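Residue-level listing of the chains:
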Amino acid sequence: MLCAESLLQMPAFQSLPRERLDWICDRVEHIQLSAGESLVKEGDYPRGFFIQLSGQTTISRQSNGVNMPIGRNVSPSFFGEIQVLTEDLVPVTLTADTDVDLYRLQCVDFLDVLHSCREFERDFFRTVSKRLRGLESFIQSREKMAALGTLSAGLAHELNNPAAALVRALKDLQPAMVELQRMILGYGHRQVDDDHTEEGL
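Since we're looking at a predicted model, the values are computed, not measured. (Residues numbered from 1 in each chain as written. Predicted model: local features only at pLDDT ≥ 70, side-chain atom pairs only at ≥ 80, totals over all residues. Heavy atoms only, no water.)

### As for the overall build of the protein chain
- Looking only at helices and strands, the protein chain has 7 helices and 8 strands in total.
- Looking at the protein chain as a whole, 31% of its 201 residues qualify as buried.
- In the protein chain, once contacts between residues fewer than 6 apart in sequence are set aside, the share between residues at least 24 apart is 71%.
- In the form shown here, the protein chain has an accessible surface area of approximately 12,900 Å², with 55% of it arising from carbon and sulfur atoms. (Helix = DSSP H or I, 4+ residues; strand = E, 2+ residues; numbered from the N terminus. Buried < 20%, exposed > 50% of the residue type's maximum accessible area, 1.4 Å probe, protein only. Contact = heavy atoms within 4.5 Å. Areas by Shrake-Rupley, 256 points an atom, 1.4 Å probe, with all protein chains shown as cover.)

### Side note on the pattern of salt bridges
- Enumeration according to the criterion identifies 9 salt bridges in this entry.
- Between Asp 97 and Arg 72 there is a salt bridge; the shortest N-O distance is 3.7 Å. With a gap of 25 residues between them, Asp 97 in the loop between β7 (93–96) and β8 (100–105) and Arg 72 in strand β5 (residues 66–74) connect regions that are remote in the sequence.
- Given the relative accessible area of 53%, Arg 72 is considered exposed. (Salt bridge = Lys/Arg side-chain N within 4 Å of Asp/Glu carboxyl O.)

### Some words on the sheet that holds strand β3 (residues 49–54)
- Strands sit in the order β1-β8-β3-β6 across an open sheet of 4 strands; the sheet is antiparallel. Either end of the sheet is taken by a strand with one partner, and the two such strands are β1 (29–33) and β6 (77–79). Neighbour-to-neighbour, the strand axes of this sheet turn through a mean angle of 25°, independent of strand direction.
- Relative to β6, β3 runs antiparallel, the two being bridged by 3 bridges. The partner of Ile 51 across the bridge, within β6, is Phe 78. (Pairing = 2+ DSSP bridges. Axes fitted to C-alpha atoms, helices over the stretch in contact; angles between N-to-C directions.)

### Re the environment of Phe 120
- In this structure, Phe 120 sits in helix α5 (residues 118–159).
- Separated by 109 residues in sequence, Phe 120 and Pro 11 have C-alpha atoms that sit 9.9 Å apart.
- In this view, Phe 120 contacts Ala 12, Phe 13, Ser 15, Leu 16, Val 113 and Leu 114; residues no more than four positions away in its chain are not counted.

### Section: the side chain of Ser 60
- Secondary-structure assignment places Ser 60 in strand β4 (residues 56–63).
- For Ser 60, a relative accessible area of 5% puts it in the buried group.
- A polar atom in the side chain of Ser 60 sits 3.0 Å from the side chain of Asn 67. (Polar contact = N/O pair within 3.5 Å; in protein donor to acceptor, adjacent residues only side chain to side chain.)

### Comments concerning the confidence of the model for the protein chain
- In the predicted model, the protein chain carries a mean pLDDT of 79, and 66% of its residues have values of at least 70.
- Segment residues 196–201: pLDDT under 50, and 2 contacts once partners within four positions in sequence are set aside and those in other chains are kept. (pLDDT = per-residue confidence, 0-100.)

### Quick notes on unusual backbone geometry
- Geometrically, the link from Ser 75 to Pro 76 is a cis peptide bond, its omega value of -5° lying close to zero.
- Mapped onto the fold, Pro 76 is located in the loop between β5 and β6.

Put into structure tokens, the structure is as follows:
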């Protein structure tokens, strides 16, 4: 059972009066996850605000078809506030690394308590801003890595494919061969005698 003392382990909740802490504890739903079990998946609808009291969860996101870890929630921690505030789809997948003990507060209840205390609201918006910057930084890093990967793949292809290099060289050589052939034909049409040819050499 969630209690006010558990919430007070996290600095963000320390700005709430005791009655609001008890109010949260009365409304949360207890959830237990086994290692390897997912709490939410990328693309899900918001399910509420989560308070994680024990265990560890991994945050991951699809990038070029690969599920990439981008962070971890180490207890005690909380998450889900961004989706509650924006009503956007969940942008990440959360998977339990260990057995996890957490609590879910419905979206409407979270918004109620958030707007009931100005200091609590301010602290949460700071958290939202920090997490959004972290996600943006991850996306930018992935884009840079993808561009570098494309460049590296192209370079590796060129280095490992001598046949392609030979084809390109032959394409460059072809105009010169055509010009040489034209000159030889022109020389033959003039019917130059052998003595004149020897003089020119």
